[in-house]
Amino acid sequence: MKTLFFVLLTVTLASAQTLTWQPVQPGIWKATVGKPEAYNLLTASGAMPNIVALTKLGQTTFPLPKLAISARVIDGKTYLRFPLNRTEQLYGFGLNFQTVHQRGRILNLHVDHYGGTDNGRTHAPTPFYVSSDGYGVFINSARYMTVYAGTAVRKDSPDPPVSQDRNTDKSWTSRPYSDAVEILVPAAGVEIYVFGGPKPLDVVRRYNLFNGGGCLPPRWGLGFQQRVPKLYTAGEVQAEADAFEHKGFPLDVVGLEPGWQSKSYPCTFEWDKTRFPDPKGFLTTMLNKGVRANLWLNPYVSPSASIFSAISPFTASHTVWTGQVPDLTLPQAQRIFFGQLAKDGVVPGVSGYKIDEVDGYDWWLWPDVATFPSGHAAEQMRQTYGLLMQQHSLALYKQQNRRTFGLIRASNGGGSSFPYVIYNDYYKHQDFITALINSSFAGVLWTPEVRSSDSSEEWIRRFQTVVFSPLAMINAWDSGAKPWSFADVSQEVQELALLRMRMMPYWYSEFANYHFDGTPPFRAMNLEEGFRADVKHELLTTSLEKNPYAEAVRQEIKDQYMAGEYLLVAPLFAGQKSRTVTLPTGNWYDFYTGELVGNGQQITVTPGLDRIPVFVKDGGLIPLMPARLHAPKPGEVVPIEIRYYGSKPGTYRLYDDDGETFNYEKGQYSFRTIRVSKQPNGRISGTISPPEPGKPNTIGTVTFMQMTK
Ligand code: GAL
């Protein structure tokens, strides 16, 4: 009897739970499995949905067959299974560097410094995936989870692979077809969210809006950033800013590396009085030059820090580089740690932080056996430490009603709205571009930062991509490189940096779309309508149905991306003289000349060293301002030139606000509608809607330029 009861109990526990899907926002559903842990990615990030924008996106129907989703809790772990169709492709599962298509991959989602393999260990291992069929799934857990993204085959599978005989069948494969995504979460329950489409871009928008919408940087954040060698003094930093001005290179932010502090690492978070005797005076002098200062830190507290004894009771059992690790889930630790940042940094005028080394490598980070006074597991703290740092440092800027735009080395699900860009120490240029593509599926921003180069060719190729990225930055903390370091391409580099400045109205409006509509400003081609739908090329020859794994590794396009609404960027890498570009359907035009280049096909381009291939969609409008060395000041009125490409009527929503405060959150912003169309005589006519009364208006004279003749 006892045995029978035990068997019955085991069967019941192991049998799949029927999930109840609660609509939580239009087009978003939540199901609860077992007993989810109270501490998860959404509680750590504090993300709150943008209900107004989600409501505007509207309702959809539940995008998956409900009965095909299963969940079981066995032995303290949650087993999840989601169905896959034969032709479906998967994107996401965090900030991957070498692959875009994730179907056929096995990943252990784990915050870590990227180690050269897409195995789930990365700077933002967001447990979110997007299907080409137009839905998304988010697992809200702060645990390391294992994902089998279409690799595992259950014996009761509804769509099993055909059994093959290797002895006789040449097409035998070691990776048979799998009809499911299966995920193991090491917790006795979890929350699951499903996001509707109908298009993959709608899924991504919903995901970002559910996390509060993407960040809106200040205008100056979209200018140029130079990070200086780690032991530079105040005098040297000022001289560097003067050199930029003198040579005519744009500069909005200077980044100070570890040596601004009296000790690092571990850190004191206090200025070094020999290198920076008068921090407030230094910050003011810099600001008068139109340049802001960003400060490097890692959060590990030095015994020499003035906050050390106060924060010590609220730190972890283990140290990192002998520094104590604040338990940032505790209000006491938050008060002490961020109080110090406010005192020496935010209040005197520091523009933001570069929050380093919150990701890993295992051998220096706290181990999984570490304990934290809050009782959260070391694993949960590792998955969320970047989120905590972003959330609480942002709060300091909100208190001042000043926007920030900083750098971070780890983030996770729930972090879309944080004004931080991910970077790392890895340096493969091609992989940096693949990361830029994948950032759009992970709810994060990524910079392909330039550090140093072996040749002027590599220097300029890297510089070209950083100019078409969320953060245009040279990180010279070690190399001491300047934009003009390679004299033979220095003029081209200067022109690129000035182009970045000219494009500020475009970048700014695209970030406003990220914030208000959830559309990532830099994104995968796979989110673009018409991409590959009608590619006149043998690209689509391998049958995904026959061998999804082969498709995953061979046919993905991971070296071109969309920048804003209208631009397609196809970088070249050192050593390349020409490359192919896959154009979505519709006419595409050369960004520089306005000439038609193709429609839904692969083209080959051979640009000179001075050009990064950029293409514009038919009807594309690109707002530009005059070239300048610093972002416009709040309220400064600038003239706008609208470039028009192709022949379709074009519209653009040009965003405007004060550029620096959070007043946009209270409605102090406007989108001005620009319309351009071609007249029967071949000339163009353009209009811009009037400014909204009572709203900031920085848009001066507007001129229109016909790029396609
Ligand atoms: C690294 C970081 C570099 C630089 C350096 C300074 O961890 O990725 O960009 O800041 O620390 O020590």
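Numbers given to residues run from 1 along each chain, matching the order in which its sequence is written. Local features in this predicted model are restricted to residues of pLDDT 70 or higher, and side-chain atom pairs are both shown and tallied only at a pLDDT of 80 or more, whereas totals for entire chains, interfaces and linings draw on every residue. With hydrogens and water set aside, each side-chain value is computed from the structure's full complement of heavy atoms.

> What is the right way to read the overall build of the protein chain from this model?
Secondary structure is summarised from DSSP: a helix means a run of H or I of at least four residues, a strand means a run of E of at least two, and numbering begins at the N terminus for each. In terms of helices and strands, the protein chain carries 14 helices and 36 strands. For a compact globule of 709 residues, the expected C-alpha radius of gyration is about 27 Å, and the protein chain comes in at 26 Å, within 12% of that figure. By its C-alpha atoms, the protein chain is 85 × 75 × 55 Å across when sized along the principal axes. Burial status across the protein chain gives 61% buried among its 709 residues. If you take every contact in the protein chain between residues at least 6 apart in sequence, the share linking residues at least 24 apart comes to 74%. The reference for a compact globule is 2.2 Å times residues^0.38; the radius of gyration itself is calculated from the C-alpha atoms. With a 1.4 Å probe rolled over the protein chains alone, any residue whose accessible area is under 20% of its type maximum counts as buried; one over 50% counts as exposed, and the rest are partly exposed. Pairs of residues are marked as contacts when any of their non-hydrogen atoms sit within 4.5 Å.

> Explain the site of the ligand to me, please; I cannot follow it from the model alone.
Neighbouring the ligand are Glu257, Pro258, Tyr265, Trp296, Lys354, Asp356, Glu357, Arg409, Tyr423, Asp425, Asn475 and Trp477. Between the ligand and Trp296, the relevant distance is 3.3 Å, taken from an oxygen atom to a side-chain nitrogen or oxygen of the residue. Pairing of N or O atoms within 3.5 Å defines a polar contact, subject to two protein rules: one partner must be a possible hydrogen donor and the other a possible acceptor, and residues neighboring in sequence count only if both atoms are side-chain atoms. A distance of 2.9 Å separates an oxygen atom of the ligand from a polar atom in the side chain of Arg409. Expressed as a share of its isolated accessible area of 310 Å², the protein-covered part of the ligand is 94%. Charged residues are taken to be Asp, Glu, Lys and Arg, nonpolar residues to be Ala, Val, Leu, Ile, Met, Phe, Trp, Tyr, Cys and Pro, and polar residues to be all remaining types, Gly included. Residues of the shell around the ligand, tallied by class, amount to five nonpolar, one polar and six charged. The rule for a residue being near a molecule or strand is that one of its heavy atoms must lie within 4 Å of it. Only the protein chains shown count as covering a residue, and every accessible area follows the Shrake-Rupley method with a 1.4 Å probe.

> Which parts of the structure should I look at to understand helix α4 (residues 200-210)?
For an α-helix the count is 3.6 residues per turn, leaving residues at separations of three or four pointing the same way. A large share of α4 lies buried, amounting to 10 of its 11 residues. The positive-phi residue at the C-terminal boundary of α4 is Gly212, with phi of around 100°.

> Just checking my understanding: could you explain the sheet that holds strand β19 (residues 406-408) for this structure?
Strand pairing requires that DSSP identify at least two bridges connecting the strands. Pairing is parallel across the open sheet formed by eight strands, whose spatial order is β21-β20-β19-β18-β15-β14-β13-β22. Each of the sheet's edge strands pairs with one partner strand only, and the pair in question is β21 (445-446) and β22 (472-475). Inspection of the sheet shows strand β15 (residues 292-297) paired to strand β18 (residues 352-355) by four bridges, in the parallel sense. Each bridged residue has a counterpart across the sheet, and for Asn294 the counterpart in β18 is Gly352.

> I tried to follow the packing of aromatic side chains on my own but got confused; where do I start?
Each aromatic ring pair is characterised by the separation of its centres together with the angle its planes make. Working definition: rings of Phe, Tyr and Trp (its six-membered ring) pair if their centres are within 6.5 Å, and the pair is stacked with planes under 30 degrees apart, edge-to-face with planes over 60 apart, and tilted otherwise. A complete count under the given rule lists 54 aromatic pairs for this structure. Ring geometry for Trp260 against Trp271: centres 5.1 Å apart, planes inclined by 65°, an arrangement best described as edge-to-face. Of this pair, Trp260 sits in the loop between β14 (253-256) and α6 (279-288) while Trp271 sits in the loop between β14 and α6, placing them 11 residues apart in sequence. Per residue, the accessibility class of Trp260 equals that of Trp271, and both read buried. With centroids separated by 5.5 Å and ring planes inclined at 75°, the aromatic side chains of Trp366 and Phe372 adopt a geometry described as edge-to-face. Overall, the relative accessible area of 1% leaves Trp366 in the buried class. Put simply, the rings of Tyr508, Phe516, Tyr655, Phe662, Tyr664, Tyr669 and Phe671 pair up and form one aromatic cluster. Note on criteria: charge over ring means Lys NZ or Arg CZ within 6 Å of the ring centre, with the direction from the centre no more than 35 degrees off the ring normal. Over the ring of Tyr427 we find Arg462; its NZ or CZ atom is 3.5 Å from the centre of that ring. When the ring centre of Tyr592 is taken as reference, the NZ or CZ atom of Arg611 above it lies at 4.2 Å.

> How should the pattern of salt bridges be read in this particular structure?
Side-chain pairs of opposite charge can arise whenever the charged atoms involved come near each other. For this document, the term salt bridge refers to a Lys or Arg side-chain nitrogen within 4 Å of an Asp or Glu carboxyl oxygen. What the rule picks out here adds up to 39 salt bridges. A salt bridge links Arg382 to Asp112, with the nearest nitrogen and oxygen atoms 3.4 Å apart. In this pair, Arg382 is assigned in helix α9 (residues 378-400) and Asp112 in the loop between β6 (105-111) and β7 (121-122), connecting sequence segments 270 residues apart. Side by side, Arg382 and Asp112 carry an identical accessibility label, which is buried. A salt bridge links Glu257 to Lys354, with the shortest nitrogen-to-oxygen separation between them at 2.9 Å. Of the two residues, Glu257 sits in the loop between β14 and α6 while Lys354 sits in strand β18, which places them 97 residues apart along the sequence. For the pair Glu257 and Lys354, a shared accessibility class is recorded, and that class is buried. Salt bridges here are not isolated pairs; linked through shared partners, they connect Asp112, Arg121, Asp362 and Arg382.

> Please clarify how α6 should be interpreted in this entry.
Considered for burial, the residues of α6 that qualify are Pro279, Phe282, Leu283 and Met286. Taken around the axis of α6, the buried residues stretch over an arc of 95°, which confines them to a single face. Packed against the buried residues of α6 are α5 (234-247), β14 and β15. The positive-phi residue at the C-terminal boundary of α6 is Gly290, with phi of around 80°. By arc we mean the arc of the directions from the helix axis to the C-beta atoms, nothing more.

> Even after reading the chapter, I still don't get the domain arrangement of the protein chain, so can you show me in this structure?
It is common to give the size of an interface as the accessible area that goes away when the parts come together. What the domain assignment lists for the protein chain is domain 1 (2-163 + 173-210), domain 2 (219-508), domain 3 (525-541 + 552-617) and domain 4 (621-706). Throughout, the edges of the domains are those of an automatic or database domain assignment. Distance between the C-alpha centres of domain 1 and domain 4: 41 Å.

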